[in-house]
Amino acid sequence: MEAVENIVIAGAGLAGLATALGLHRKGVRSVVLESSATLRASGYAFTTWTNAFRALDALGVGDKIREHHLRYERLVAFSASTGEAAATVSLKMQGKSGPHEIRCVKRNFLLETLENELPEGTIRYSSKIVAIEEEGNVKVLHMADGSIIRANVLVGCDGVNSVVAKWLGLPKPTLSSRSATRGLAEYPEGHGFGPEMLQFIGQGFRSGVLPCSDTSVYWNYTWYPSPADGDAEESVAKMRQHVLAKLSGAARIPAEALDVIERSEMSEVVSSPLRFRSPLALVRGSISRGNVCVAGDAFHPMTPELGQGGCAALEDGVVLARCLGEAFVGAGNDGGYACVTAALEKFAGERRWRAVRLVTAAYVVGFVQQSSNAAIKFLREKFLSGLLAKLMVDMADFDCGKL
């Protein structure tokens, strides 16, 4: 069985759905191929910074997200060793393009909101690309079920193990030596946390507690795995106990934060190694070639310390839809190979250095926050925590523009 499609987007994650919706807003049809049988909402929630809301507003869904999620007023970073606040940063400050806006958004809610804005049938589930070939300017996509799709444009939003990134020749993401686990706790009667992001840093780990709404709280925990962890990764129950033991042992974490972890739902994938694409690979690598490009984690996987992975994916979607839309509906453009190639090169040019900055900053912040080195620990608790918190806010002070 063979089919012909004009624009094929691999992956129905944040970047893929944002790109498809942006194209739809511009009157350009696309097809999204998702390998899973349903939307994948791994990770439960993610910090949605000012730059992400600008992208969501450009896509026309910002207010739908705001309606269901708390807006933060401050970020408080605690020393895990002393239990004292090492830094408090107001999130009410003005940015270059207006006031800052930060919320913790449930991933499944955002994905479903994006999906509901798309024409029926845009997403094709259980559709996995296993190989890519070329016939002239057409990309021939071989699917896991044996079918073939001939695509005039191919956009890879298929995650850190991207088939499209591999076809472009981008190197595999690098292991950071850190792992992460996370969960979501529900409080039907209310949780009692204020409108603030809580971080606990040091002692070789970094943990966060972030209210999503009045009744739900997201938490995350990143650490350097070691043989001393024993069988922690064998099950959800053992991982939960491992995290609680770390946080309530040498660290001074408040009881209400521990309660979030104790009552939370956790994924059956108990932890995941954190990977990133090196800045050098982003500078040298092919983000686009001809009528093929990558976006989201297929382009710039990064460690989570800035909370910018999902935000940057939404930025990608807006910029890519704008560039591709011009190739199809702009004056004098016909969506031909030359127009598409120029559009994707423009996208790559706009996004390359933004990605380099985010990946680099995220890695540095994570290293400093989790280091057990005595000198770095002293500097972190006396000086660096405030600077790192402000860096997180500064990196979010970005506007990807309109469609």
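Right above here is the structure, for reference.
So, a few notes on the structure that sits alongside this text. All of these numbers come straight from a predicted model, not from anything done at the bench.

What follows deals with the side chain of T19. Inspection of the secondary structure puts T19 in helix α1 (residues 14–25). Classification of T19 by relative accessible area gives buried; the value is 1%. Sequence-distant contacts of T19, defined by excluding residues within four places in its chain, comprise I9, G317, L320 and A321.

With that out of the way, let us pick up the environment of L154. Within the secondary structure layout, L154 lies in strand β12 (residues 148–156). Residues L154 and V140 lie 14 residues apart in sequence; the distance between their C-alpha atoms is 9.7 Å. Those residues within four positions of L154 in sequence are excluded, and the remaining contacts are V8, I129, I132, L141, V164, N291, V292 and C293.

Quick look at helix α2 (residues 50–59) now. Among the 10 residues of α2, nine are classified as buried, and the element is accordingly described as predominantly covered. Within the span of α2, buried status applies to T50, N51, A52, F53, R54, A55, L56, A58 and L59. Two residues or fewer after α2 comes G60, characterised by a positive phi angle close to 85°.

It is worth spelling out the packing of α2 against helix α9 (residues 309–329) at this point. Two elements in contact, α2 and α9, have axes separated by 8 Å at closest approach and are oriented at 35°. Between α2 and α9 lies a crossing whose hand is left-handed. Along its contact with α2, which presents N51, A52, A55, L56, A58 and L59, the element α9 presents C311, L314, E315 and V318. For the contact of α2 with α9, a count of residues per class yields eight nonpolar, one polar and one charged.

Moving on, we come to the environment of I123. Looking at the secondary structure, you find I123 in strand β9 (residues 123–124). C-alpha of I123 to C-alpha of S179: the two residues are 56 residues apart in sequence and 31 Å apart in space. Among residues more than four places away in sequence, those in contact with I123 are A12, L17, V32, E34, L39, E115 and L118.

A separate point is the packing of α1 against α9. Remark: α1 packs on α9, axes separated minimally by 8 Å, with the N-to-C direction vectors making an angle of 30°. Comparing the axis directions of α1 and α9 gives the class roughly parallel. In the packing of α1 onto α9, the handedness of the crossing is right-handed. Residues L14, A15, A18, T19, G22 and L23 of α1 form the contact with α9, whose own contacting residues are G310, A313, L314, G317, L320, A321, L324 and G325. Of the residues in the contact of α1 with α9, the class split is nine nonpolar, five polar and no charged.

Attention now goes to the pattern of salt bridges. Enumeration according to the criterion identifies 26 salt bridges in this entry. Note that R124 is salt-bridged to E5, the shortest N-O span being 2.7 Å. Of this pair, R124 sits in strand β9 while E5 sits in strand β1 (residues 2–10), and the two are 119 residues apart along the sequence. Residue E5 is classed as buried on the basis of its relative accessible area, which comes to 6%. For K64, the salt bridge goes to E117, with nearest N and O atoms at 2.4 Å. Residue K64 is located in helix α3 (residues 62–66), and its partner E117 is located in the loop between α4 (107–116) and β9; the two are separated by 53 residues in the primary sequence. Judged by relative accessible area, which is 38%, K64 ranks as partly exposed.

A few words on the state of the cysteines. Across all of its chains, the model carries zero disulfides by this definition. The structure places no disulfide on C212, whose sulfur is separated from the nearest cysteine sulfur, that of C104, by 3.7 Å. Free cysteine: C323, not disulfide-bonded; nearest cysteine sulfur from C293 at 9.3 Å. Of the residues examined, C323 reaches a relative accessible area of 2% and is grouped as buried.

The biggest cluster of nonpolar side chains holds 108 residues, and the ones touching the most others in it are L17, W49, L110, L141, V294, L314 and L324. The element that contributes the greatest number of residues to this core is helix α10 (residues 337–370), accounting for 14 residues. Not counting chain neighbours up to four residues away, the residues in contact with L314 comprise L14, A18, F46, A52, A55, L56 and L110. Judged by nonpolar contacts, the second largest core, of 27 residues, contains A185, V236, M239 and V243.

Calculation rules
Residues numbered from 1 in each chain as written. Predicted model: local features only at pLDDT ≥ 70, side-chain atom pairs only at ≥ 80, totals over all residues. Heavy atoms only, no water. Helix = DSSP H or I, 4+ residues; strand = E, 2+ residues; numbered from the N terminus. Buried < 20%, exposed > 50% of the residue type's maximum accessible area, 1.4 Å probe, protein only. Contact = heavy atoms within 4.5 Å. Axes fitted to C-alpha atoms, helices over the stretch in contact; angles between N-to-C directions. Left-handed = near helix turned anticlockwise from the far one by under 90°. Nonpolar A, V, L, I, M, F, W, Y, C, P; charged D, E, K, R; others polar. Parallel < 35°, antiparallel > 145°, perpendicular 65-115°, else oblique. Salt bridge = Lys/Arg side-chain N within 4 Å of Asp/Glu carboxyl O. Disulfide = S-S within 2.5 Å. Core = buried A, V, L, I, M, F, W, Y, C linked by side-chain atoms within 4.5 Å.

Distances and angles like these do not, on their own, reveal function.
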